[in-house]
Amino acid sequence: MLLSPYRYFYMAALAAALMATIGFIARFSALDPASLTFYRLGLGAVILALYLAFTGQLHLLASKPPALVILNGVLLAGFILCFLSAIQSMSLTLAILLVYLAPALSAIMAHFVFKERLTSRTLLLIITAFFGFFMLQEFQINARVEQQQGLWFALLSLFTYTAFILLNKKVPDTVPLYQKSFYQLLVGALCVLPLLINKPIPEAEQWLWLMAAGLFPGFLALVFALQAIQHLPTRVFGTLAYLEPVVVIIGAWMLFAEPMSVLQWFGALLILVSGVAQAWLSHHPKEAG
């Protein structure tokens, strides 16, 4: 009973940590991005459907999903596929922090597309976040060909994730969260399926990693996140979501010995602090002017 008031905080934090595991699974399994994306989304959809059946909520999947939900499924597949492709030739830290510029980029896009007012404080935080990214790059534009390829994939991941954030805001509130999530997972998996036509069936030891991808970042992270979203203020959930890049940064440093200079550590800190501050200010309109 003592933990009851805080269980949704723990769920949000655990969801973020579980989301972070996809990068580690990709590195340890050495599976190709298309296979890992398909099984993460496909198995996630199957397990979610079983969960809804077990909890008596399967009827939520009966109605036809809106077109925006279908489109978001396509964007979800693109976001994950590009991110997993990026980390094949660049560091986990750089890739995840570039992706987490999406809230800043979505605020800019929303200003022009949806006429959402971009305040002076929000603009300052956006500039700070992008400055932090250049610090991560150590203010160097040139990189090896392999790193440049990874950077392009990471940028594509950033843009698809930004579009995913913006369009999810426009999905009607009448659409149940579990229905929206299931069809996004299902559509995303179907989008990647054609990329697996000429690929061999995964071996026995690879199935362990694929099941882990479907269970941890695919299903458990989603269920915990949806529960937390329903019971926590958006600014609080948005803040706790930034535990994902923190877990990735620490894990990449400890497990894969990815080097980080002092300048890069400060750049990472700027991006994280800017994102958290933006999550709070975006839901305090009177304080954000």
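Everything quoted here is computed from the prediction, not taken from an experiment. (Residues numbered from 1 in each chain as written. Predicted model: local features only at pLDDT ≥ 70, side-chain atom pairs only at ≥ 80, totals over all residues. Heavy atoms only, no water.)

(A) Here's a closer look at the nonpolar core. Ranked by size, the top nonpolar core spans 76 residues in total, and within it L36, L48, F83, L84, L97 and L136 carry the most contacts. With 10 residues, the top contributor of residues to this core is helix α2 (residues 33-54). By size, the runner-up hydrophobic cluster in this structure holds 10 residues, among which are A12, A15, A228 and L240. (Core = buried A, V, L, I, M, F, W, Y, C linked by side-chain atoms within 4.5 Å. Buried < 20%, exposed > 50% of the residue type's maximum accessible area, 1.4 Å probe, protein only. Helix = DSSP H or I, 4+ residues; strand = E, 2+ residues; numbered from the N terminus.)

(B) Local environment of the environment of A67. Tracing the sequence through the fold places A67 in helix α3 (residues 67-86). Placed 130 residues apart in sequence, A67 and I197 show a C-alpha to C-alpha distance of 27 Å.

(C) Main features of the pattern of salt bridges. As enumerated under the stated definition, the model contains 2 salt bridges in all. A salt bridge links R27 to E258; the shortest N-O distance between them is 3.0 Å. Placement of the pair is R27 in helix α1 (residues 7-29) and E258 in the loop between α11 (243-255) and α12 (262-281), with a sequence separation of 231 residues. Among the salt bridges present, the one from D32 reaches K199, with a minimum N-O distance of 3.7 Å. On the criterion of sequence distance, the pair formed by D32 in the loop between α1 and α2 and K199 in the loop between α8 (177-192) and α9 (204-231) is long-range, its members being 167 residues apart. On the accessibility criterion, D32 (23% relative accessible area) is partly exposed. Residue classification places K199 among the partly exposed residues on the basis of a relative accessible area of 34%. (Salt bridge = Lys/Arg side-chain N within 4 Å of Asp/Glu carboxyl O.)

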